[in-house]
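# An overview of the molecular structure
The lines below spell out each chain.
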Amino acid sequence: MSSIDRSQSVGGTRTYEVRTYGCQMNVHDSERLSGLLEDAGYVRAAEGADGDADVVVFNTCAVRENADNKLYGNLGHLAPKKASRPGMQIAVGGCLAQKDRDTIVKRAPWVDVVFGTHNIGKLPVLLERARVQEEAQVEIAESLEAFPSTLPTRRESAYAAWVSISVGCNNTCTFCIVPALRGKEKDRRPGDILAEIEALVAEGVSEITLLGQNVNAYGSDIGDREAFSKLLRACGGIEGLERVRFTSPHPRDFTDDVIAAMAETPNAMPQLHMPLQSGSDPVLKAMRRSYRQDRYLGIIEKVRAAIPHAAITTDIIVGFPGETEEDFEQTLHVVREARFAQAYTFQYSKRPGTPAAEMDGQIPKAVVQERYERLVALQEEISWEENKKQVGRILELMVAEGEGRKDGTTHRLSGRAPDNRLVHFTKPDQEVRPGDVVTVEITYAAPHHLLAEGPALAVRRTRAGDAWEKRNAAEQAKPAGVMLGLPKIGVPEPQPAVASGCGCD
């Protein structure tokens, strides 16, 4: 059977593959893209298709220096496959597409469609237009055409989901190009958000993550500075919603009413991802981060006072232009004081189109690498020490799918604690499904995970587990691409298992 034959599903249905790079917002957008394609009759290609799909979509990120090199390398890899397969199409969307526009087709003329961050809903139409007209279609909208939650979605989880509360960002950080590509912040109406959450819970979802470039600035577009804390509290009143998380906030907008809402809302989880970027006041000023070290540590202190068991994670950039050894020592000081559960560390790289890329004082690679290694070593030590404090605790875990790479050989399952720490636990005698809840005692700690080696203390079957079982049965009965009703939104990449992506919150 030829590669062309293999790419066709039952009845000649065209297959698709979406490759995602970057932050949670891109992951969320990719699930919209999958939903749009399936709504148009496409079927997801089998795992490991590696370019054998009829349509390959790249959802790109532009915040790293080598983002374009990675994209063009992947496009080059697909060029001979496309040349040998009449009818195959390649589409490029996301932040790099928004930034580079016509450049993509000039450098890779075999690309069929280029679309931006504001018009992902046009992908099926652009693919069909490119097929009929036999020429590349480049369409980049300058502003949001429709809020992503109005689009169909193929979400990957029956028990956990993203819920976008805003798109865009009003900050002007000198290292970040996201506002230029995603636009100014645009907020959704609270009623629309809550209606979407209620519909998801009715489908079986028990955990949601509120998503935005700067979630705690929510309300600036609708004239209510306490809108985010009110939204958290409203989530607490939704029956059947067991866990609420959010990512990512900005220290500038993190107010006491949000801390109170986190502490007083039963289903708001004791977890906070709070980007630091640098512990040095001069570097924060150069970054145009509108807070300083004292303000940041003050927030951490208040959160810990209100929520003693909160796990706090962060993003840190090492080697920002002009960073001195003294500046870097201030970052290490904040890491020691804050005692993060995890820190997602980035070596500064130039983001074309940002003010920082043109700044004097670019740090030599060797210096950045040495500082980075010192920071990672310190954070590893702290992460391990903080995890050791969990030993002996009794925790309720939401069973996860696909998070324990060695679960098959160790006869364990994996789940997330309320504070989102990853826990591997002994497989109970009774059936346990993703979305179910298991109570365990923590017996061992490693820097990046916990173990519960004894028998489970309790197993609670949930509606979320029922939904997973139903979805799994439906997917086995069909070639691929099961849709789960409206509204359908994406499953979060679990925190803190993955970084925030661009590190620019």
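Residues numbered from 1 in each chain as written. Predicted model: local features only at pLDDT ≥ 70, side-chain atom pairs only at ≥ 80, totals over all residues. Heavy atoms only, no water.

The name given to the protein in an unreviewed UniProt entry is tRNA-2-methylthio-N(6)-dimethylallyladenosine synthase, with Streptomyces parvulus as the source organism. On record in UniProt, under Subcellular location (unreviewed entry), the comment for the protein is "Cytoplasm". Under Catalytic activity (unreviewed entry), UniProt gives the following word-for-word description of the protein: "N(6)-dimethylallyladenosine(37) in tRNA + (sulfur carrier)-SH + AH2 + 2 S-adenosyl-L-methionine = 2-methylsulfanyl-N(6)-dimethylallyladenosine(37) in tRNA + (sulfur carrier)-H + 5'-deoxyadenosine + L-methionine + A + S-adenosyl-L-homocysteine + 2 H(+)". (UniProt positions renumbered as here; feature names shortened; annotations may be inferred.)

Sites flagged by UniProt as "domain: Radical SAM core" (unreviewed entry) map to residues 155-386. Across residues 155-386 one finds 41% helix and 16% strand; the C-alpha atoms that close the span lie 33 Å apart. (Helix = DSSP H or I, 4+ residues; strand = E, 2+ residues; numbered from the N terminus.)

Moving on, we get to the packing of helix α8 (residues 190-203) against helix α9 (residues 227-235). Contact geometry for α8 and α9: axes closest at 11 Å, N-to-C directions at 25 degrees. Classified by the interaxial angle, the pair formed by α8 and α9 is roughly parallel. Where α8 crosses over α9, the handedness of that crossing is right-handed. Mapping the contact onto sequence places Ile193, Leu194 and Ile197 in α8 and Leu231, Ala234 and Cys235 in α9. Of the residues contributing to the contact of α8 with α9, the split by class is six nonpolar, no polar and no charged. (Axes fitted to C-alpha atoms, helices over the stretch in contact; angles between N-to-C directions. Parallel < 35°, antiparallel > 145°, perpendicular 65-115°, else oblique. Left-handed = near helix turned anticlockwise from the far one by under 90°. Contact = heavy atoms within 4.5 Å. Nonpolar A, V, L, I, M, F, W, Y, C, P; charged D, E, K, R; others polar.)

Okay, the sheet that holds strand β18 (residues 437-441) next. One open sheet holds the seven strands; their spatial order is β19-β20-β17-β16-β15-β18-β21, and the pairing between them is mixed. This sheet does not close on itself; its edge strands, each paired only once, are β19 (444-445) and β21 (458-460). Across two bridges, the pairing between β19 and strand β20 (residues 450-452) is antiparallel. Bridge assignment links Ala445 to a residue of β20, and that residue is Leu450. (Pairing = 2+ DSSP bridges.)

Listed as buried for helix α10 (residues 256-264) are Val258, Ile259, Ala261 and Met262. Buried residues in α10, looked at end-on, bunch into an arc of 160 degrees, giving them a common side. For α10, the elements touching its buried residues are α9, β11 (243-247), β12 (271-273) and α12 (293-306). (Buried < 20%, exposed > 50% of the residue type's maximum accessible area, 1.4 Å probe, protein only. Arc of directions from axis to C-beta.)

Across the sheet, three strands lie side by side as β12-β13-β14; this open sheet has parallel pairing. In the strand order of this sheet, the two ends are held by β12 and β14 (342-347), each with one partner. In this sheet, neighbouring strand axes are inclined to one another by 10 degrees on average, regardless of whether the strands run parallel or antiparallel. Here strand β13 (residues 311-318) runs beside β14; their pairing, made up of six bridges, is parallel. Along β14, the bridge assignment pairs Ile317 with Phe346.

Right, let's get into the pattern of salt bridges. This structure, assessed with the given rule, holds 31 salt bridges. Across the pair Lys389 and Glu386 runs a salt bridge, and its minimum N-O distance is 2.9 Å. Since its relative accessible area comes to 11%, Glu386 is described here as buried. A salt bridge links Arg433 to Asp436; the shortest N-O distance between them is 3.0 Å. Residue classification places Asp436 among the buried positions, given a relative accessible area of 0%. One continuous salt-bridge network, built from bridges that share partners, spans Glu323, Glu325, Glu329, Glu370, Arg371 and Arg374. (Salt bridge = Lys/Arg side-chain N within 4 Å of Asp/Glu carboxyl O.)

With that settled, the discussion passes to the UniProt feature "binding site: [4Fe-4S] cluster 2" (unreviewed entry) in the protein. UniProt records the feature "binding site: [4Fe-4S] cluster 2" (unreviewed entry) at Cys169, Cys173 and Cys176, using the numbering of this structure. Residues contacting Cys173, with those up to four places away along its chain left out, are Met287, Arg288 and Arg289. Looking at Cys176, the relative accessible area reads 12%, which means it is buried.

Okay, the packing of α10 against α12 next. At a minimum axis separation of 10 Å, α10 and α12 run at an interaxial angle of 25 degrees. Here α10 lies roughly parallel to α12, going by the angle between them. The chirality of how α10 crosses α12 is right-handed. From α10, Asp256, Ile259 and Ala263 reach across to α12, where they touch Ile299, Lys302, Val303 and Ala306. The residue makeup of the contact of α10 with α12, split by class, is five nonpolar, no polar and two charged.

Turning next to the nonpolar core. Ile197, Leu210 and Phe254 are the most contacted members of the largest nonpolar core, which has 87 residues in total. Contacts of Leu210, omitting those with residues within four sequence positions, involve Val163, Ile165, Ile197, Val215, Phe228, Leu231, Leu232, Val244, Arg245, Phe246 and Thr247. If you look at the next biggest cluster of nonpolar residues, it comprises 16 residues, including Tyr42, Val57, Ile120 and Leu123. (Core = buried A, V, L, I, M, F, W, Y, C linked by side-chain atoms within 4.5 Å.)

Turning our attention to the side chain of Asn59. Take Asn59: it is sitting in strand β3 (residues 55-60). Polar contacts involving the side chain of Asn59 include one to the side chain of Ser30, which spans 2.9 Å. Setting aside residues up to four positions removed in sequence, Asn59 forms contacts with Arg19, Thr20, Tyr21, Asn26, Asp29, Ser30, Leu33, Gly93 and Gly94. (Polar contact = N/O pair within 3.5 Å; in protein donor to acceptor, adjacent residues only side chain to side chain.)

Another point: the packing of aromatic side chains. On inspection of all chains with the given rule, the structure shows five aromatic pairs. With 5.5 Å between their ring centres and 75 degrees between their planes, Phe320 and Tyr348 make a pair best called edge-to-face. Placement of Phe320 in the loop between β13 and α13 (325-338) and of Tyr348 in the loop between β14 and α14 (365-388) is noted, with a sequence separation of 28 residues between them. An identical accessibility class is assigned to Phe320 and Tyr348; each is buried. Put simply, the rings of Phe175, Phe320 and Tyr348 touch in pairs and so form one group of aromatic residues. A cation sits over an aromatic face here: Arg107 above Tyr72, 3.8 Å from the ring centre. The side chain of Lys388 reaches across the aromatic face of Trp384, ending 4.4 Å from its centre. (Phe/Tyr/Trp six-rings, centres within 6.5 Å; stacked < 30°, edge-to-face > 60°. Lys NZ or Arg CZ within 6 Å of the ring centre and 35° of its normal.)

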